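# Results of the structural survey
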Amino acid sequence: MIVVMQQHCSDEAIEHVMSYLKNHGLSGHLSQGVERTVIGVLGAVGPSGTRTTAGGINPIIAESLEGLPCVEQVIIVSKPYKLASREFHPVNTIVEIPTPCVSEGVVRIGDSAVVVMAGPCTVESEKQLMTTAEAVRKEGAVILRGGAFKPSTSPYGFRGMGEEGLKLLAKARDAFGMAIITEVMTPTDVAMVCEYADILQIGTRNMQNYMLLDEVGRTEKPVLLKRGMAATIEEWLLAAEYVLSQGNPHVILCERGIRTFEKMTRNTMDISAIPVIKRVSHLPIISDPSQGTGHRDLVSAMSLASVAAGADGLLIEVHPNPDEALKDGAQSLTPEQFKRLMPQLQSVSTAIGRTIVTE
Ligand code: PEP
Ligand code: MN
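Heads up: these notes are all about the structure in this document.

To continue, consider the pairing of strand β11 (residues 223–226). The alternating pattern of β11 places Val 223 and Leu 225 and Leu 224 and Lys 226 on opposite faces, both of which are buried. One ladder, built from three bridges, connects strand β10 (residues 199–202) with β11; its direction is parallel. Residue pairing for β11: Leu 200 is matched across the bridge by Val 223. Sheet topology places β11 next to strand β12 (residues 251–255); four bridges connect them, and they run parallel.

Let's shift gears to the site of ligand 1. As a structural note, the neighbourhood of ligand 1 is formed by Cys 121, Arg 145, Lys 150, Gln 201, Gly 203, Thr 204, Arg 205, Lys 226, Arg 256, Gln 291 and Glu 317. Here Arg 205 contributes a side-chain N or O atom positioned 3.2 Å from an oxygen atom of ligand 1. Isolated, ligand 1 exposes 300 Å² of accessible area, and the fraction of that covered by the protein chains is 98%.

We now examine the environment of Glu 215. Relative to the helices and strands, Glu 215 is located in helix α6 (residues 210–217). Glu 215 gets classed as partly exposed once you look at its relative accessible area, which sits at 27%. Taking the C-alpha atoms as reference, Glu 215 lies 27 Å from Ser 290; in sequence the two are 75 residues apart. Ignoring any residue separated from it by four or fewer positions in sequence, one finds Glu 215 in contact with Pro 187 and Val 190. Here Arg 218 takes part through its side chain, which lies 3.1 Å from a polar atom of the side chain of Glu 215.

Time to look at the pattern of salt bridges. For the coordinates displayed, the defined rule picks out 14 salt bridges. Where Arg 173 meets Asp 198, a salt bridge forms, and the shortest distance between an N and an O atom there is 2.7 Å. Here Arg 173 is found in helix α4 (residues 163–176), whereas its partner Asp 198 is found in the loop between α5 (190–196) and β10, with 25 residues between them in sequence. In this structure, Arg 173 and Asp 198 share a single accessibility class: buried. The salt bridge partner of Arg 354 is Asp 312, with a shortest N-O separation of 2.7 Å. Of this pair, Arg 354 sits in the segment after α11 (335–351) while Asp 312 sits in the loop between α10 (296–308) and β14 (313–317); the two residues are 42 residues apart in sequence, bridging distant segments of the chain. Across the pair, Asp 312 and Arg 354 agree in class, each one buried. Several salt bridges share partner residues, and in doing so they unite Glu 96, Glu 104 and Arg 108 into one network.

Let's shift gears to the sheet that holds β12. Read around the closed barrel, the eight strands follow the order β7-β8-β9-β10-β11-β12-β13-β14; overall the barrel is parallel. Taken pair by pair, the neighbouring strands of this sheet meet at an average axis angle of 25°, ignoring direction. As defined by bridge partners, strand β7 (residues 115–119) adjoins strand β8 (residues 143–145) across two bridges and the pair is classed as parallel. Note that in β8 the partner of Met 117 across the bridge is Ile 143. The strands touched by helix α8 (residues 273–280) are β12 and β13 (285–287); relative to β13, the strand with the most contacts, the crossing angle is about 170°.

Quick look at the coordination of the manganese ion (ligand 2) now. Tetrahedral coordination by four donors sets the ideal angle at the metal to 109.5 degrees; octahedral coordination by six donors sets it to 90 or 180 degrees. The protein atoms donating to the manganese ion (ligand 2) are Cys 121 (SG), Glu 317 (OE) and Asp 328 (OD), with metal-donor distances spanning 2.0 to 2.5 Å. All donor residues of the manganese ion (ligand 2) come from one chain, and their arrangement in sequence is C-x195-E-x10-D. On the criterion of sequence distance, the pair formed by Cys 121 in the loop between β7 and α3 (126–138) and Asp 328 in the loop between β14 and α11 is long-range, its members being 207 residues apart.

Next up on the list: the pairing of strand β9 (residues 179–183). Burial analysis of β9 places five of its five residues in the buried class, the great majority of the element. Burial of the side chains of β9 extends over both faces: Ala 179, Ile 181 and Glu 183 are buried on one face and Ile 180 and Thr 182 on the other. Pairing of β8 with β9 involves three bridges; the strand directions are parallel. Within β9, the residue paired with Arg 145 across the bridge is Ile 181. The parallel pair β8 and β9 is bridged by α4, and the resulting crossover is right-handed. Bridge count for β9 against β10 is three bridges, and the pairing is parallel.

A word on the sheet that holds strand β4 (residues 71–75). As summarised here, the arrangement of the four strands in space is β2-β3-β1-β4, forming an open sheet in which the pairing is antiparallel. One side of each edge strand has no neighbouring strand; the edge strands of this open sheet are β2 (26–32) and β4. Adjacent strand axes in the sheet meet at a mean angle of 20°, parallel and antiparallel pairs treated alike. The strands that helix α1 (residues 11–23) touches are β1 (2–5), β2, β3 (37–43) and β4; relative to β2, the one it contacts most, it runs at about 155°. Along the sheet face, helix α2 (residues 59–66) touches β1, β2 and β4 and points at about 160° away from the line of β4.

Parameters at a glance
Residues numbered from 1 in each chain as written. Chains lettered and ligands numbered in written order. Predicted model: local features only at pLDDT ≥ 70, side-chain atom pairs only at ≥ 80, totals over all residues. Heavy atoms only, no water. Buried < 20%, exposed > 50% of the residue type's maximum accessible area, 1.4 Å probe, protein only. Helix = DSSP H or I, 4+ residues; strand = E, 2+ residues; numbered from the N terminus. Pairing = 2+ DSSP bridges. Near = heavy atom within 4 Å. Polar contact = N/O pair within 3.5 Å; in protein donor to acceptor, adjacent residues only side chain to side chain. Areas by Shrake-Rupley, 256 points an atom, 1.4 Å probe, with all protein chains shown as cover. Contact = heavy atoms within 4.5 Å. Salt bridge = Lys/Arg side-chain N within 4 Å of Asp/Glu carboxyl O. Axes fitted to C-alpha atoms, helices over the stretch in contact; angles between N-to-C directions. Donors = N, O, S within 2.8 Å, 3.2 Å for Na, K, Ca; no water. Right-handed = clockwise from strand over helix to strand, strands pointing away.

Here's what the structure looks like:
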């Protein structure tokens, strides 16, 4: 349920609605836009973390709310996701990432500028990571990606360097001032990964790992939630809802391609998911054309298409020597290709009235 307040309503009126909700065992989520103030209403959290009413509402309470001062309208939200919906929260969410290499010291994902995150699929060695970080930073990437805990479809694939890899990422951050994004795979690793990462990446294979979603939801770290490879947009937003409903509002969505009957690409990039998300949700959305295509020759085109479609950022795999990569070499750009891509991204951004954050 959403309570829409009248324009220019007083703080007291808002406070009055909030305490009314609290007294009735409901939680109010305030969203103050330039044009209107709305209060999203959810059931209270029960002992096991469940909601007593899943956003559903007692009609008597809805009616009483409509009678409170300055309440313009009460709307029942029919969508199963609430906190992630644009109705609940009309204003775009902007996720701030502390990033020393930019002049403001912070990068804003979901704001007007597009953010480029780049780096190797997987941290393999100090030399590989530092070389890549230096190369991508030089071209304007502000966030460094690199997996230390790698989900692998085959148990025989490289599964990452673990905490050693996280230490190398921290070293790269110190050296280049880039923020770090890295994947966390299990609830028990969340606290440790939080010590090193600026953004926690939830991989496609874990989009519906609800214990993991709960755990990252209990932190204050920005969370990049990849779309499950066979997930509908609604299921993806419900996964985001898990994180949000634990109290962590810093969620960034990432389209990384879905499984279809097509075999010429590793996955099928669902570019249309980008404007769909923009319409139904307030959360920022970025795109990962590396997992999305599986082929480095397709990554630039899909990066440009993603920005043209409204993506707030990109997650791009770059390797100094892709043929030697321990993972995802075929879809990793060479530093040379990345260098050619950046000015093209700048041009597309300019064409749609945006810029790229580079410094
Ligand atoms: C990755 O970013 O390297 C990765 C494993 O991504 P995904 O979870 O989308 O497959
Ligand atoms: Mn990868």
